[in-house]
Amino acid sequence: MMLVVSSPSGAGKTTLCDGLLKAHRDLMMSVSVTTRKPRTGETHGEDYFFISNDEFDKMQADGELLESASVFGNQYGTPKGPVEKLLEKGKDILFDVDWQGASQLSQTCGDELCRVFILPPSAKALGERLSGRGTDTTQVVAQRMSQAADEISHWPEYDYIIINDDLDKAQEEINAILIAERAQRQRMLFLQDFVDDMLKSL
Ligand code: ADP
Ligand code: 5GP
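So, here's what we can say about the structure. (Residues numbered from 1 in each chain as written. Chains lettered and ligands numbered in written order. Predicted model: local features only at pLDDT ≥ 70, side-chain atom pairs only at ≥ 80, totals over all residues. Heavy atoms only, no water.)

**Let's talk about the site of ligand 1**
So, step 1. Taken together, 14 residues lie around ligand 1, and Gly 10, Thr 14, Thr 15, Arg 133 and Asn 164 are the ones closest in.
So, step 2. Residue Ser 7 places a side-chain N or O atom 3.4 Å away from an oxygen atom belonging to ligand 1.
So, step 3. Measuring from an oxygen atom of ligand 1, one finds a side-chain N or O atom of Thr 15 at 2.5 Å.
So, step 4. Here ligand 1 loses 75% of its free accessible area of 560 Å² to cover by the protein chains.
So, step 5. Here the shell around ligand 1 takes 3 residues from helix 1 (residues 13-23), the largest share from any one element.
So, step 6. For the shell around ligand 1, the per-class residue count stands at 3 nonpolar, 7 polar and 4 charged. (Near = heavy atom within 4 Å. Polar contact = N/O pair within 3.5 Å; in protein donor to acceptor, adjacent residues only side chain to side chain. Areas by Shrake-Rupley, 256 points an atom, 1.4 Å probe, with all protein chains shown as cover. Helix = DSSP H or I, 4+ residues; strand = E, 2+ residues; numbered from the N terminus. Nonpolar A, V, L, I, M, F, W, Y, C, P; charged D, E, K, R; others polar.)

Have a look at this one:
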């Protein structure tokens, strides 16, 4: 399955995705490419592949991106090759993308997708988290706040909504979503053989 997580910037999706990856070592993160400059502490190849505008345009022209969008004046995209390889191996993949990316993935990947939207508990908390993160200038924080309403307006397009007030509770909720989605009958591709084998021994 493909688990897609979106939120307005600062609502806590990176924090919750990191928690999910720690709790489920078999879940793989799709590492995006971006033309944004790295923040302090971000690592090329782990948080993002930080590339130039020309490199991004070439990847797009060569059809190497599964989806892409311009967000806060920077380009972001999901490299297609790694996703295809992981799906071939039967791995579940986690995507941290904005509403445009979620919408494009819904069109191409359909049933394999589970979409989760993270809301902050209030506008005030969102502003405090964006400033408190300490990674962006006042101008960038203001730009992200001004676009939060647009991102939030897309919440009805998602399958699950989490209000990230208490972090532990929100983490439990997203972990539970992954577990429940994995137990869906149509996702358990091995089930017919498993049941057939059991029936032989009864
Ligand atoms: P996003 O990836 O959505 O932009 P982050 O995960 O970077 O957001 O979180 C933004 C800031 O808010 C970080 O400093 C993070 O530690 C903090 N944060 C995340 N969730 C909570 C929470 N439930 N309560 C308080 N602070 C939080
Ligand atoms: P940030 O700059 O804070 O890391 O991310 C800004 C926004 O870009 C977030 O909403 C994040 O989900 C989104 N984003 C990150 N990677 C991708 C991607 O590959 N595709 C799309 N469409 N959005 C992305």
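**Observations concerning the site of ligand 2**
So, step 1. In the neighbourhood of ligand 2, 17 residues make up the surrounding shell, with Arg 36, Tyr 48, Tyr 76, Asp 96 and Arg 144 lying closest.
So, step 2. A distance of 2.5 Å separates an oxygen atom of ligand 2 from a polar side-chain atom of Tyr 48.
So, step 3. Take Asp 98: an N or O atom from its side chain is 2.8 Å from a nitrogen atom of ligand 2.
So, step 4. Notes on ligand 2: free accessible area 510 Å², of which the protein chains cover 96%.
So, step 5. Elements that contribute at least two residues to the shell around ligand 2 include exactly strand 5 (65-71) and strand 6 (74-79).
So, step 6. For the shell around ligand 2, the residue count by class is 6 nonpolar, 4 polar and 7 charged.

Remember that the coordinates give geometry; whether it matters functionally is a separate question.
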